[in-house]
Amino acid sequence: MNNHKLHELKDYLSYSSVNPQCRYFVKTDNAFTRKARLLQAIHRKESGSPCGSITKRGTTYYHPNLATDGSETGCNFLSQEIFQYAKGRIEQKQSYETINEDRLFNNFLSSQPMAFNLFVPLMSIVHTDEGKSKLAKVVAEQIINSDSSTFCKITEVGIEFIPPYYKECLNDKTAMDAYFLYERTDGKHGIIAIETKYTDILGTNMASDPSFAIRQATENIGISQLLTDKGIEGITKREIKLSQVYRNFLLTETVRLHEHLDDSISIILSPKENISNEEDESSLRSILKDEYKYKFQSVTLESFVSALIREFPDIDLFRRFENRYLDFERVTKLIHDAELHENSKW
């Protein structure tokens, strides 16, 4: 690697206050997270925001995917509209909501601001009948429905949703990263709950008190009828842990019942290379009865964003989103060269 590239790379690698000259990749990152962290470090630097840090046991660790002034500059967002919406959500945050202010404004790698960058523009789109229909077309391309009917309108888009009646759902603060309310061609209405992942690994542990969720899964007929007998037995005996993947699904179903909706679908929306939760996702699919397997689906972020770009070619935000989060070609060569020198002193 020539000296110019080596100097450029140093700006995007982590370091500590103990040895600021020693630059490093985060050791716990897998190959995909390493690419994504580097890409977001580049975007943070290009935003002009100083590099942020965290302090542990007296040592300060600087991570170039972190900003310091995002709550003032909006550097983590693709538009002023999105930034203003994010500020409004923080100002009006309810006591039961779990939006993390620092992560939202300053962590370029976080899936939370990514969800805001993707779904706030969609909130604006569904203000018109044409937008409702066009977004439904995109959704119909990506998501399998329960039968031959299809989505004809997306009537509402929401972000970071914990129902105010959450104690009647799972009695914990499991949230939907985003959701669509829809109308189908057969006149039925429903919800699509969306868990967005960028580099995230969804939690594999059960809630501190899973008993309420277990009862919902095994005793609430509106939910238990979706599951195989083996699945119900496994949950009852706690052989199947109600990890985050399961809790997200159960939240969707309890909201369906509470809101008297006709149907519901849970999806995980993530880059195609983030396969970190495949085991839990496969486990959940395996205990759904065949006729209800459509209720849990995975959609790649690449496919969904490409569909938005095709359907809304005049909205530049979706191309900018793709550039911000999915342009990994920008860093692949840089990482390859860096790995050849990783054991060097930067």
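Further up the page is the structure itself.
The structure reproduced in this document is the subject of the present report. Just so it is clear, the model here is predicted, and its values are computed rather than measured.

## Digging into the overall build of the chain
Right, on to step 1. A tally of regular secondary structure across the chain gives 15 helices and eight strands.
Right, on to step 2. What you see for the chain is a C-alpha radius of gyration of 21 Å, in line with the 20 Å of a compact globule of 346 residues.
Right, on to step 3. For the chain, the C-alpha atoms occupy an extent of roughly 65 × 50 × 35 Å along the three principal directions.
Right, on to step 4. For the chain, with 346 residues in total, the buried portion stands at 55%.
Right, on to step 5. Sequence-distant contacts in the chain: of pairs separated by 6 or more residues, those separated by 24 or more amount to 69%.
Right, on to step 6. Counting every atom, the chain has about 16,100 Å² of accessible surface; 47% of that belongs to carbon and sulfur.

## Observations regarding helix 12 (residues 278–287)
Right, on to step 1. Those residues of helix 12 not exposed but buried are Asp280, Glu281, Leu284 and Ile287. What you see down the axis of helix 12 is that its buried residues fit within an arc of 135°, all on one side.

## Observations regarding the state of the cysteines
Right, on to step 1. Within the structure shown, the criterion is met by zero disulfides.
Right, on to step 2. Free of any disulfide, cysteine 22 has its nearest neighbouring cysteine sulfur in cysteine 51, separated by 15 Å.
Right, on to step 3. Between cysteine 51, a cysteine without a disulfide, and cysteine 75, which holds the nearest cysteine sulfur, the sulfur-to-sulfur distance is 12 Å.

## Considerations on the pattern of salt bridges
Right, on to step 1. If you walk through the whole model with that rule in mind, you get 16 salt bridges.
Right, on to step 2. A salt bridge links glutamate 97 to arginine 89; the shortest N-O distance between them is 3.1 Å.
Right, on to step 3. Arginine 184 is the salt-bridge partner of aspartate 186, the closest N and O atoms lying 2.6 Å from each other.
Right, on to step 4. Put simply, Arg184, Asp186, Glu253, Arg256, Asp263 and Lys295 are held in one network by salt bridges that share partners.

## Considerations on the nonpolar core
Right, on to step 1. In terms of nonpolar packing, the biggest core is built from 66 residues, with Phe119, Leu122, Leu135, Phe180 and Ile192 touching the most fellow members.
Right, on to step 2. It is helix 6 (residues 111–125) that provides the largest number of residues to this core, a total of nine residues.
Right, on to step 3. With sequence-adjacent residues up to four places away left out, leucine 135 is seen in contact with Leu122, Val126, Ile154, Val157, Phe180, Leu308 and Phe312.
Right, on to step 4. Formed by 28 residues, the second largest nonpolar core is a distinct cluster that contains Tyr179, Ala217, Val245 and Tyr246.

## As for helix 7 (residues 129–142)
Right, on to step 1. With 14 residues, helix 7 ought to run about 20 Å at 1.5 Å a step, and its terminal C-alpha atoms sit 20 Å apart, in line with that.
Right, on to step 2. For helix 7, the secondary structure elements touched by its buried residues are helix 6, strand 4 (151–161), strand 5 (176–184), strand 6 (189–196), strand 8 (296–300) and helix 13 (301–311).

## Quick look at the sheet that holds strand 5
Right, on to step 1. Strand order across the open sheet formed by five strands is 4-5-6-7-8, with mixed pairing between neighbours. Looking at strand neighbours, the two that pair on one side only are strand 4 and strand 8, the edges of this open sheet. The mean inter-strand angle of the sheet, taken between neighbouring strand axes irrespective of direction, is 25°.
Right, on to step 2. Helix 7 rests against strand 4, strand 5, strand 6 and strand 8 of the sheet, and its axis sits at about 85° to strand 4.
Right, on to step 3. In this fold helix 11 (residues 244–258) packs onto strand 4, strand 5, strand 6, strand 7 (263–270) and strand 8, with an angle of close to 150° to the strand it touches most, strand 7.

## Digging into the packing of helix 6 against helix 13
Right, on to step 1. Packing of helix 6 against helix 13 leaves a shortest axis separation of 13 Å and a crossing angle of 30°. When the interaxial angle is binned, helix 6 and helix 13 end up roughly parallel. Crossing handedness for the pair helix 6 and helix 13: left-handed. Counting all contacts with helix 6, which are made through Met114, Leu118 and Leu122, the residues of helix 13 involved are Leu301, Phe304, Val305 and Leu308.

## Considering the packing of aromatic side chains
Right, on to step 1. With the rule as written, the count across this model stands at 14 aromatic pairs.
Right, on to step 2. Ring geometry for phenylalanine 321 versus tyrosine 325: centroids 4.7 Å apart, planes at 40°, classification tilted. Of this pair, phenylalanine 321 and tyrosine 325 both sit in helix 14 (residues 316–326), separated by four residues, roughly a single helical turn. Across the pair, exposure class does not vary: phenylalanine 321 and tyrosine 325 are buried alike.
Right, on to step 3. Here the aromatic residues Phe32, Tyr198, Phe321, Tyr325 and Phe328 are joined through ring pairs into a cluster of three or more.

Reading the values: rules and limits
Residues numbered from 1 in each chain as written. Predicted model: local features only at pLDDT ≥ 70, side-chain atom pairs only at ≥ 80, totals over all residues. Heavy atoms only, no water. Helix = DSSP H or I, 4+ residues; strand = E, 2+ residues; numbered from the N terminus. Rg over C-alpha atoms; globule rule 2.2 N^0.38 Å. Buried < 20%, exposed > 50% of the residue type's maximum accessible area, 1.4 Å probe, protein only. Contact = heavy atoms within 4.5 Å. Areas by Shrake-Rupley, 256 points an atom, 1.4 Å probe, with all protein chains shown as cover. Arc of directions from axis to C-beta. Disulfide = S-S within 2.5 Å. Salt bridge = Lys/Arg side-chain N within 4 Å of Asp/Glu carboxyl O. Core = buried A, V, L, I, M, F, W, Y, C linked by side-chain atoms within 4.5 Å. Expected span 1.5 Å × (residues − 1). Pairing = 2+ DSSP bridges. Axes fitted to C-alpha atoms, helices over the stretch in contact; angles between N-to-C directions. Parallel < 35°, antiparallel > 145°, perpendicular 65-115°, else oblique. Left-handed = near helix turned anticlockwise from the far one by under 90°. Phe/Tyr/Trp six-rings, centres within 6.5 Å; stacked < 30°, edge-to-face > 60°.

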